[in-house]
Amino acid sequence: MIKALFPKLRIVGRDNVIRVLGDEEQMAAFEENVETMRKHVLKFNSIKPEDILDIVNGHRTNDDIPKDVLVYSIGGRPIKARSENQHRLIEAYEENDMVFAVGPAGTGKTYLSIALAVKALKEKTIKKIVLSRPAVEAGEKLGFLPGDMKDKIDPYLQPLYDALEDMIPAARLQDMMDKHIIQIAPLAFMRGRTLSDAVVILDEAQNTTPAQIRMFLTRMGWNTKMIITGDMTQIDLPRDQKSGLREALDILSGIEGIGVVSLNKKDIVRHKLVTRIVNAYEAFDKAKNSEQNKQRQ
């Protein structure tokens, strides 16, 4: 299509390199247009034939991302808040340096938090993204995993990779991770660090111990925002171990600069069955607690 739009130029595209021969003035115009297309792809993660036509014909007047859109997915899908409490999460992030997002599975806590971090990185308001979660098995003992340290911890961190891979092209994501612009590490690796010029996300915080979350929260440096996500109904710690997230919410609630957002089943954006599953388990838990209370009486 681009060749057809520049018939007087000889254009050869191989891999990620475009070679052009022809009139210098036309080559300069071609280079300017291709650079505009490249910036469009970086911003929107996609480019359509009509976008190329608009750019080449000079009809592109406004290429701003709509205010309610955080970033675009790899396929060009706009990623934005899809419920009232998700909007509150974004507002809390903008108004505070530390935000706790608590709610059941499927409410978009982690996904939206990573979208906020990717947006900040693209806008260059921060220099890096740091993602962490405690390495706690969900009711299974995984034993001694094979491979080096990265191979051993990757299974715990896969949900974070999944969200990133939906927002950043694979080659670019790998390059950012190689350069430590995006860092993913288990919570245990945070000790001793001071995290500045970053968005730092702690996922699955309900599985932290009080000592672990206290250590994590005090890693905060200059020009840093922290988002802590968790689901109180999915605590995988031993029964005699108190959740660090629950304790942190009790201690830090009401402190200036810290926002707390509670999401609920109305915010679930996964498959409709997830809402039904959450409802069914809630009803089961209520009935079970009611029965236990009767037995105590």
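What counts, and at which threshold
- Residues numbered from 1 in each chain as written.
- Predicted model: local features only at pLDDT ≥ 70, side-chain atom pairs only at ≥ 80, totals over all residues.
- Heavy atoms only, no water.
- Pairing = 2+ DSSP bridges.
- Helix = DSSP H or I, 4+ residues; strand = E, 2+ residues; numbered from the N terminus.
- Axes fitted to C-alpha atoms, helices over the stretch in contact; angles between N-to-C directions.
- Contact = heavy atoms within 4.5 Å.
- pLDDT = per-residue confidence, 0-100.
- Phe/Tyr/Trp six-rings, centres within 6.5 Å; stacked < 30°, edge-to-face > 60°.
- Buried < 20%, exposed > 50% of the residue type's maximum accessible area, 1.4 Å probe, protein only.
- Patch = residues over 30% accessible without salt bridge, like charges linked within 9 Å, V, L, I, M, F, W, Y side chains within 5 Å.
- Areas by Shrake-Rupley, 256 points an atom, 1.4 Å probe, with all protein chains shown as cover.
- Salt bridge = Lys/Arg side-chain N within 4 Å of Asp/Glu carboxyl O.
- Core = buried A, V, L, I, M, F, W, Y, C linked by side-chain atoms within 4.5 Å.
- Parallel < 35°, antiparallel > 145°, perpendicular 65-115°, else oblique.
- Left-handed = near helix turned anticlockwise from the far one by under 90°.
- Nonpolar A, V, L, I, M, F, W, Y, C, P; charged D, E, K, R; others polar.

Draft legend 1. Highlighting the sheet that holds strand β7 (residues 182–186). Ordered by their spatial adjacency, 6 strands build an open sheet running β7-β6-β8-β9-β5-β10, and the pairing between neighbours is parallel. Bordering the open sheet on either side are β7 and β10 (258–262), each of which pairs with just one other strand. Strand-to-strand twist across the sheet, computed as the mean angle between neighbouring axes with direction ignored, equals 15°. Along the sheet, helix α5 (residues 109–122) contacts β5 (98–102), β6 (128–133), β7, β8 (198–202) and β9 (224–230); its crossing angle with β9, the most-contacted strand, is approximately 165°. Across the sheet, helix α8 (residues 210–217) touches β5, β8 and β9, and the angle it forms with β9 is around 155°.

Draft legend 2. Fine view of the confidence of the model for the protein. Predicted confidence across the protein gives a mean pLDDT of 85, with 91% of residues reaching 70 or more. Under a pLDDT of 50 for its full length, residues 138–142 has, in the predicted model, 4 contacts with residues more than four places off or in other chains.

Draft legend 3. Here's a closer look at the packing of aromatic side chains. In total, this model carries 2 aromatic pairs according to the counting rule given. Between Phe6 and Phe30, the aromatic rings sit 5.1 Å apart at their centres with planes inclined by 85°, giving edge-to-face as the arrangement. With Phe6 in the loop between α1 (2–5) and β1 (10–14) and Phe30 in helix α2 (residues 24–44), the pair connects residues that are 24 residues apart, well separated along the chain. Of the two residues, Phe6 and Phe30, both sit in the buried class. With a centroid separation of 4.8 Å and an interplanar angle of 65°, the aromatic rings of Phe44 and Tyr72 are classed as edge-to-face. Linking Phe44 in helix α2 with Tyr72 in strand β3 (residues 69–72), this pair joins segments that are 28 residues apart in sequence.

Draft legend 4. Structural context of a nonpolar patch on the surface. Where nonpolar side chains cluster on the molecular surface, the patch consists of Leu273, Ile277, Tyr281 and Phe284 and spans about 440 Å² of accessible area. Along the polypeptide, Tyr281 turns up in helix α10 (residues 272–296).

Draft legend 5. Summary view of the environment of Val261. Within the secondary structure, Val261 is located in strand β10. Judged by relative accessible area, Val261 falls into the buried class, the value being 5%. Along the primary structure Val261 and Val102 are separated by 159 residues, whereas in three dimensions their C-alpha atoms are 6.3 Å apart.

Draft legend 6. Expanded view of the nonpolar core. Of all hydrophobic cores here, the largest spans 39 residues; its most connected members are Ile114, Leu164, Ile182 and Ile184. Here the element with the most residues in this core is α5; it accounts for 8 residues. Those residues within four positions of Ile182 in sequence are excluded, and the remaining contacts are Leu121, Ile129, Leu164, Ile168, Leu173, Met176 and Met177. With 23 residues, the next largest nonpolar core counts Met190, Val200, Phe216 and Ile258 among its residues.

Draft legend 7. Focus on unusual backbone geometry. With a phi angle near 55°, Asp15 is a residue other than glycine that sits in the positive phi range. Mapped onto the elements, Asp15 comes out in the loop between β1 and β2 (17–21). With phi around 55°, Glu204 is a residue other than glycine that occupies positive phi space. The residue Glu204 is located in the loop between β8 and α8 in this model. Take Glu204: its relative accessible area is 26%, and that puts it in the partly exposed class.

Draft legend 8. Layout of the side chain of Asn96. Relative to the elements of secondary structure, Asn96 occurs in the loop between α4 (84–95) and β5. Judged by relative accessible area, Asn96 falls into the buried class, the value being 13%. With sequence-adjacent residues up to four places away left out, Asn96 is seen in contact with Lys225, Gly257, Ile258 and Gly259.

Draft legend 9. The arrangement of the packing of α4 against α5 in detail. Look at α4 against α5: their axes get within 11 Å of each other, and the N-to-C directions meet at 40°. Between α4 and α5, the interaxial angle falls into the category oblique. Pair α4 / α5 crosses with right-handed handedness. In this structure, α4 contributes Gln86, Leu89, Ile90 and Tyr93 to the contact, and α5 contributes Lys109, Leu112, Ser113, Leu116 and Ala120. A breakdown of the residues in the contact of α4 with α5 according to their chemical character gives 6 nonpolar, 2 polar and 1 charged.

Draft legend 10. Region of the structure containing the pattern of salt bridges. Inspection of the entire model under this criterion finds 9 salt bridges. As a salt-bridge pair, Lys119 and Glu123 come within 3.0 Å of each other at their nearest N and O atoms. Lys119 gets classed as partly exposed once you look at its relative accessible area, which sits at 24%. The class of Glu123 is partly exposed, set by a relative accessible area of 47%. Ionic pairing is found between Arg133 and Glu204, a salt bridge with its closest N-O pair at 3.2 Å.

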